[in-house]
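Summary of the model geometry
For reference, the chains in residue letters:
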Amino acid sequence: MIARSLRQSTGLAGAARGSHAAMLQSRRLLSTAEADKYCMDLVRTHDYENYLANIFTPSRSRAAAVAIRAFNVETAQIRDIVSEPNIGKMRIQWWRDGIDKTFKGSPPSHPVMQTIARTLETTRLSQTWFKKILNAREAYMQDKQYDTIAELEDYAENTSSSVTYLHLEALGLQNVHAEHAASHIGKAIGICIAIRATPFDVSRRKFHLPAEVMAQHSVVTEEVFRNGPSTELTDAIFTIATRANDQLLTARSFAKDVPKQAVPALLPLIACEHYLKALEKANFNVFDPELQKKSLALPFKLWTSARQSKY
């Protein structure tokens, strides 16, 4: 699940700068194998939970699904690695121009764009979803705090849900029930991402959790920066996590009408649920070190869910 917008859940922070070297330094067309490997390595390193989930995407659609995730990683990490918002906006514009060129059949010499271009030869992907992701990333380039949970959910809809819509398209599916599920799955994942990002954000004196909820629970941001966990913050995290769980349950309410072929795109909800259960076990202390560890149980949970065609 996925900068520290994917970051805490998937390790996007840290070695973020390496992937952008490809954008700046690539001057040759890579072979199909090289481009696929670049995308796979990027997702495995920085978005590990979704890397695991993508294993269960049919082989004919897997390269496209991984390229979509790689695009998400590349654009999600921009905010964390630039020193000025305007520099970040310039990078977003590079990706926006690149998507335009890719959909016109002239992709930049970047492995993600090359893989997306190859996908477009056989698969219909909507340029709209890529643009929504980029527009949302650009709008929040200044690291502003969300005012409300609804605002956080809107951001998640434009980013995490858009990625899921693209994954459904990569599978060759157009199904209204799967799309409804995808919308709520993206919102649940986006909320979890915001929660999981908190320790990293606080380490940089940044705070993104909704101001409305913080005010309801008398959370003082400066005290979080100084002292970390508190009863007030734990109560606020519980409120936000409850909203994520509500979205999770709503997504599953469509399960009986969602075709089995759509399940690979919806499997990331398993990782979201796994985190929420771990958070509950930690008494909603988002700073608990156990929450930063990779789960040994998650691969089995994903395998079981894929085998049963459940999300």
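As shown above, the structure is provided for reference.
Keep in mind that what you see is a predicted model, and the values were worked out from it rather than measured.

Applying the stated criterion to the full structure yields 11 aromatic pairs. Here the aromatic rings of Y140 and Y146 are separated by 5.2 Å at their centres, their planes lie at 40°, and the arrangement is tilted. Through a chain of ring-to-ring contacts, three or more aromatic side chains come together here, namely F71, W94, W95, F103 and F130.

Okay, the side chain of S126 next. Looking at the element boundaries, S126 is found in the loop between α8 (111–120) and α9 (127–139). Take S126: its relative accessible area is 12%, and that puts it in the buried class. Separated by 2.6 Å, the side chains of S126 and E169 make a polar contact. Apart from residues lying up to four places away in sequence, S126 is in contact with F103, L166 and E169.

This next bit is on the nonpolar core. Membership of the largest hydrophobic core comes to 52 residues, with the highest contact counts inside it found for I195, M214 and Y311. At the level of elements, α10 (149–170), α11 (176–203), α12 (211–216), α13 (221–227), α14 (231–252), α15 (263–266) and α16 (268–281) are the ones that each hand at least two residues to this core. If you tally residues by element for this core, the top one is α11, at 12 residues. When sequence neighbours within four positions are dropped, the list of residues in contact with M214 reads Q145, F207, L209, V219, L233, A236 and I240. Formed by 37 residues, the second largest nonpolar core is a distinct cluster that contains A70, V82, I116 and I133.

Positive phi outside glycine occurs at S218, with the angle close to 60°. Relative to the helices and strands, S218 is located in the loop between α12 and α13. Overall, S218 belongs to the exposed group, its relative accessible area being 54%. Despite not being glycine, F284 shows a phi value in the positive range, around 60°. Structurally, the position occupied by F284 is in the loop between α16 and α17 (298–308). Classification of F284 as buried rests on a relative accessible area of 16%.

Calculation notes
Residues numbered from 1 in each chain as written. Predicted model: local features only at pLDDT ≥ 70, side-chain atom pairs only at ≥ 80, totals over all residues. Heavy atoms only, no water. Phe/Tyr/Trp six-rings, centres within 6.5 Å; stacked < 30°, edge-to-face > 60°. Helix = DSSP H or I, 4+ residues; strand = E, 2+ residues; numbered from the N terminus. Buried < 20%, exposed > 50% of the residue type's maximum accessible area, 1.4 Å probe, protein only. Polar contact = N/O pair within 3.5 Å; in protein donor to acceptor, adjacent residues only side chain to side chain. Contact = heavy atoms within 4.5 Å. Core = buried A, V, L, I, M, F, W, Y, C linked by side-chain atoms within 4.5 Å.

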